Amino acid sequence: MPAFNFSTTGSEVVAALPDRVTGKTFVITGASHGGLGAHTALFLAAANPAEIILLGRSEEKVSPVMKEISKTSPSTIVRFIKIDLTSCASVRAAAAEISASVSKIDVLINNAGIMGVKFSLTAENVESHLGANHIGHFLLTNLLVPKLEASGGGARIVNVSSAMYQFSPVMFDNYNFSDGKTYNAWTAYGQSKTANILFAVALAKKLENKGIKSYSLHPGVIQATGLSSGVDPAAWPVVGPMFESKKLEMPKEKNIEQGCATTLAAILDPALDDQSGSFLNDCNPEKVLDYASDASNADKLWTLSEKIVGEQFCY
């Protein structure tokens, strides 16, 4: 099997591992036309999955993707389910709809995300990056665990994170930035991306006995997606100095085909079977900063997340 790397494209990953796609059921959050989730779904369609469920806020933005999938693989069932990841009520409704419509889920891709937005709070009074990028996915994932377990072993959960997790650990005592008084959009984004990594670490441990594996990843810097469209213009001048102050190199840019490759490797590559909980960059495991891999931080985040969503999940 070819080794995957920086230059690998999504279509190359699927072409190398079609049997890991055919007949399987995939759930993807953040599937608006033109984005990473949409392209990931389109690459999967080439290998005839049984079903692709696309979650998003707007059916209008997802319907072109659904049409394209149906054109590529007419036998694949494609569904849209509305979700607002900043509202636990919306997440619960979406999870119930998914659970009622499928017998099993083979892969859950927590791909949706916001970046660099102005300060606001979610319905649960959580800073919006942490709420949309982590808390919503935390609740959705846990509610779907029974369907992932029903796949009979080998199900995978993937959290799309970012190398910008290095901008901030999870600030357990002040994750709301003193109600916005000390808010920095990039620190908030970094905190939420660290949460994505720690969530994958916790899931790997908690779901090991169910045969479910989890991963997080940096997809690359991809200008072609709509992620940066929500950035507060006032936040842009701050990002360069933050890279410099933390002595971080700006990650290299990828095109959208390369940008999907690490997500697809995370959900399909059998070489990662014994790497559950790991963070991937350029399709391969990469060591992360201690605060993003620390098991006690992962446990602390789990407890905080349960408190926010008002439900405990014990495995």
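Along every chain, residues carry numbers that run from 1 in the direction the sequence is written. For this predicted model, a pLDDT threshold of at least 70 governs which residues receive local features, and a threshold of 80 or more governs which side-chain atom pairs are given and counted, while totals over whole chains, interfaces and linings are taken from all residues. Side-chain numbers here rest on the full set of heavy atoms in the structure, without hydrogens or water.

- Looking at an unreviewed UniProt entry, one finds the protein named Short-chain dehydrogenase, with Penicillium hordei as its source organism.

## Remarks on helix H4 (residues 88-101)
Each full turn of the α-helix corresponds to 3.6 residues, which orients residues three or four apart in the same direction.
And then number 1: Across its 14 residues, H4 extends 20 Å between first and last C-alpha, which sits within 8% of the 20 Å expected from 1.5 Å per residue.
And then number 2: The buried label goes to any residue with under 20% of its type's maximum accessible area, the exposed label to any with over 50%, and the partly exposed label to all in between, with areas taken from a 1.4 Å probe on protein chains only. We count a stretch as a helix when DSSP gives it H or I for four or more residues in a row; a strand needs E for two or more, and each element gets its number in order from the N terminus. Buried residues of H4: Cys88, Ser90, Val91, Ala94, Ala95 and Ile98, and no others. Projection of H4 onto a plane perpendicular to its axis shows the buried side chains occupying an angular sector of 155 degrees, all on one side. Exposed residues lying more than 90 degrees from the buried face of H4 are Ala89 and Ala100.
And then number 3: Throughout, a residue-residue contact means that at least one pair of heavy atoms, one from each residue, lies within 4.5 Å. Where the residues of H4 are buried, they touch strand E1 (25-29), strand E2 (51-56), strand E3 (77-82), helix H5 (128-149) and helix H11 (295-309). To estimate the expected span of a helix, count its residues, drop one, and scale the result by 1.5 Å. Each direction from the helix axis to a C-beta atom contributes to the arc, which is the arc of those directions.

## Overview of the pairing of E1
And then number 1: In terms of residue burial, E1 counts as a mostly covered element, since 5 of its 5 residues are buried.
And then number 2: Residues Thr25, Val27 and Thr29 line one face of E1 and the alternating positions Phe26 and Ile28 line the opposite face, and both faces are buried.
And then number 3: Here the rule is simple: two strands pair whenever DSSP picks up at least two bridges between them. In the sheet, E1 pairs with E2 via 5 bridges, with the strands oriented parallel. If you follow Thr25 over to E2, its bridge partner there is Glu51.
And then number 4: Look down the strands so they point away from you; if going from the first strand over the helix to the second traces a clockwise path, that crossover is right-handed. For the crossover that starts at E1, traverses helix H2 (residues 36-45) and ends in the parallel E2, the hand is right-handed.
And then number 5: Note that E1 and strand E4 (residues 107-110) share 3 bridges and pair parallel. Each residue of the ladder has a partner; that of Ile28, found in E4, is Ile109.

## Re the pattern of salt bridges
And then number 1: For this document, the term salt bridge refers to a Lys or Arg side-chain nitrogen within 4 Å of an Asp or Glu carboxyl oxygen. As enumerated under the stated definition, the model contains 9 salt bridges in all.
And then number 2: For Lys104, the salt bridge goes to Asp106, with nearest N and O atoms at 2.5 Å.
And then number 3: Linked by salt bridges that have partners in common, Arg20, Arg156 and Asp273 make up one network.

## Notes on the packing of aromatic side chains
And then number 1: The aromatic pairing rule takes the rings of Phe, Tyr and Trp, using the six-membered ring of Trp, and pairs them if the centres are within 6.5 Å, calling planes under 30 degrees apart stacked, those over 60 edge-to-face and the rest tilted. Taken as a whole and judged by the stated rule, the model has 9 aromatic pairs.
And then number 2: Relative to Tyr183, the ring of Phe119 lies with its centre 5.2 Å away and its plane at 65 degrees, an arrangement referred to as edge-to-face. Of this pair, Phe119 sits in the loop between E4 and H5 while Tyr183 sits in the loop between strand E5 (156-160) and helix H6 (185-206); the two residues are 64 residues apart in sequence, bridging distant segments of the chain.
And then number 3: Between the aromatic rings of Phe138 and Phe313, the centroid separation amounts to 6.0 Å while the plane-to-plane angle is 75 degrees, which identifies the pairing as edge-to-face. Placement of the pair is Phe138 in helix H5 and Phe313 in the segment after H11, with a sequence separation of 175 residues. Take Phe138 and Phe313: they sit in the same class, and that class is buried.
And then number 4: Taken together, the aromatic side chains of Phe138, Phe199, Trp302, Phe313 and Tyr315 make up a single cluster linked through ring pairs.
And then number 5: A cation over an aromatic ring shows up here: Lys206 above the ring of Trp302, its NZ or CZ 4.7 Å from the ring centre. The criterion for a charge sitting over a ring is simple: Lys NZ or Arg CZ within 6 Å of the ring centre, and within 35 degrees of the ring normal.

## Quick word on the side chain of Lys147
And then number 1: With respect to the helices and strands, Lys147 occurs in helix H5.
And then number 2: Every residue in contact with Lys147, bar those within four places of it in the chain, is listed here: Ser99, Val102, Ser103, Lys104 and Ile105.

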